[in-house]
Amino acid sequence: MGKLSQILFLTASAGRVFASCAYGTHLMPRAEEGETIPVATFGYTGVTGPLNWAALDSPANNVCATGTTQSPIDMVDSVFDLIDASALSIEVNDMPNGADFENLGSTVEVITQGGTLSFDDKTFELQQFHFHLPSEHLDNGTSQAMEMHMVWQSAEGEIAVIGAYINIATGEVASASVKRGLNTRSRLFQRQAEANETAPVAGTGAPTVLLETIFSVVDQISTPGTKVKTPPLVMSEVVDLLKAGQFQAYSGSLTTPPCSEGVNWRVSTSKLNISPSSFIKARDVIGFNSRFPQNTPGQPNILMISALGSAAAAVSVAGAGGAA
């Protein structure tokens, strides 16, 4: 089988995409209790990567290559509206009994147990949050170590996503966090609550306790399609950090197939932190799962521009050959 034939075969056999970042919403309903966790049939490199997402399931994924408000993007001043956190209402329930933590193949996600986001007279319910490595959005041209996406859905089916950059904590603050003793599970919820009472403000560089707790068990879901119960999760630390900052708001899309547009993005100016050891554990399971930055919202899709450019180049080469 030739190389082109192999590509066409893989594209045709990929089938409908599962386990996107919208998993748990109306766009991709969650598997029923006892059913197998879906594993993504798309990827981030090669034939199943972002350059070929539209072909993996056409026409369902066509907007990946034709949409004009695609995400992620480079978050520069001209592309977003900066809004105060006071313009949003964010509430997320603690999970004293832990939460299901799943490996979807495309990412790892925490299934949440209640939470609301309100803005512009709309209310959204928290469905899950998941992680990308490295960050998908660029912070004024700079990539961050990771990015957390909190996915919300309204009763009308609208999707909102809060994005939060994650940096790697270094030095004494990282070592101190690890020494808190996350391995003593029976006292974890109490320790988290105590830590949150004196939690550092955004930007201090101390590891985020929530992330340390979640990724303490990420090695137990190294195989796509598996899940584990996390230790107890206190969400107030992250919620307080989000409320302490501002949000960069724009209308974009899902960053995975089917790349649906009309997503209400709120990218936080507050940044979370992860210890080096936890980052390595997360990296070894998640791998690389970031879509390349898209064009400025409202401008033509960069894949369309590339296709037109390739066609023009082909015509130019053909013309030059004919002239010779």
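Calculation notes
- Residues numbered from 1 in each chain as written.
- Predicted model: local features only at pLDDT ≥ 70, side-chain atom pairs only at ≥ 80, totals over all residues.
- Heavy atoms only, no water.
- Salt bridge = Lys/Arg side-chain N within 4 Å of Asp/Glu carboxyl O.
- Helix = DSSP H or I, 4+ residues; strand = E, 2+ residues; numbered from the N terminus.
- Phe/Tyr/Trp six-rings, centres within 6.5 Å; stacked < 30°, edge-to-face > 60°.
- Buried < 20%, exposed > 50% of the residue type's maximum accessible area, 1.4 Å probe, protein only.
- Lys NZ or Arg CZ within 6 Å of the ring centre and 35° of its normal.
- Arc of directions from axis to C-beta.
- Polar contact = N/O pair within 3.5 Å; in protein donor to acceptor, adjacent residues only side chain to side chain.
- Contact = heavy atoms within 4.5 Å.

A.B. asks: What exactly am I supposed to notice about the pattern of salt bridges here?
C.D. replies: It is possible for side chains bearing opposite charge to pair when their charged atoms get close. Within the structure shown, the criterion is met by ten salt bridges. Salt-bridge contacts for aspartate 100 lead to lysine 229; the nearest nitrogen and oxygen are separated by 3.3 Å. Taken together, the residues span a long stretch of sequence, with aspartate 100 in strand E4 (residues 100-103) and lysine 229 in strand E11 (residues 227-229) at a distance of 129 residues.

A.B. asks: Explanation requested: the packing of aromatic side chains in the structure shown.
C.D. replies: The geometry of an aromatic ring pair is captured by two quantities: the separation of the ring centres and the angle between the planes. For the structure shown, the criterion picks out nine aromatic pairs. Judged by centre distance (6.0 Å) and plane angle (80°), the rings of phenylalanine 129 and phenylalanine 131 are edge-to-face. Residue class for phenylalanine 129 comes out buried when judged on its relative accessible area of 0%. With a relative accessible area of 0%, phenylalanine 131 lands in the buried category. An aromatic cluster is built from Phe42, Tyr44, Trp53 and Phe288, whose rings are joined through pairwise contacts. Sitting over the ring of tyrosine 23, arginine 30 keeps its end group 4.6 Å from the ring centre.

A.B. asks: Would you mind showing me how to read helix H8 (residues 276-286) here?
C.D. replies: Helical geometry note: an α-helix holds 3.6 residues per turn, so side chains three or four residues apart project in the same direction. Those residues of H8 not exposed but buried are Ser278, Phe279, Ala282, Val285 and Ile286. Considered in projection along H8, the buried side chains sweep an arc of 135° and stay on one side of the axis. Residue glycine 287 follows H8 closely and has a positive phi angle near 70°.

A.B. asks: So what exactly am I meant to see when it comes to the side chain of glutamine 70 here?
C.D. replies: Checked against the element boundaries, glutamine 70 lands in the loop between helix H3 (63-66) and strand E1 (74-75). Given the relative accessible area of 2%, glutamine 70 is considered buried. At 3.1 Å, the side chain of glutamine 70 and the backbone oxygen of cysteine 259 are in polar contact. For glutamine 70, the side chain forms a polar contact with the side chain of glutamate 261, separated by 2.9 Å. Not counting the four nearest positions on each side in its chain, glutamine 70 is found in contact with Val63, Cys64, Ser253, Cys259, Glu261, Arg291, Gln294, Asn295 and Asn301.

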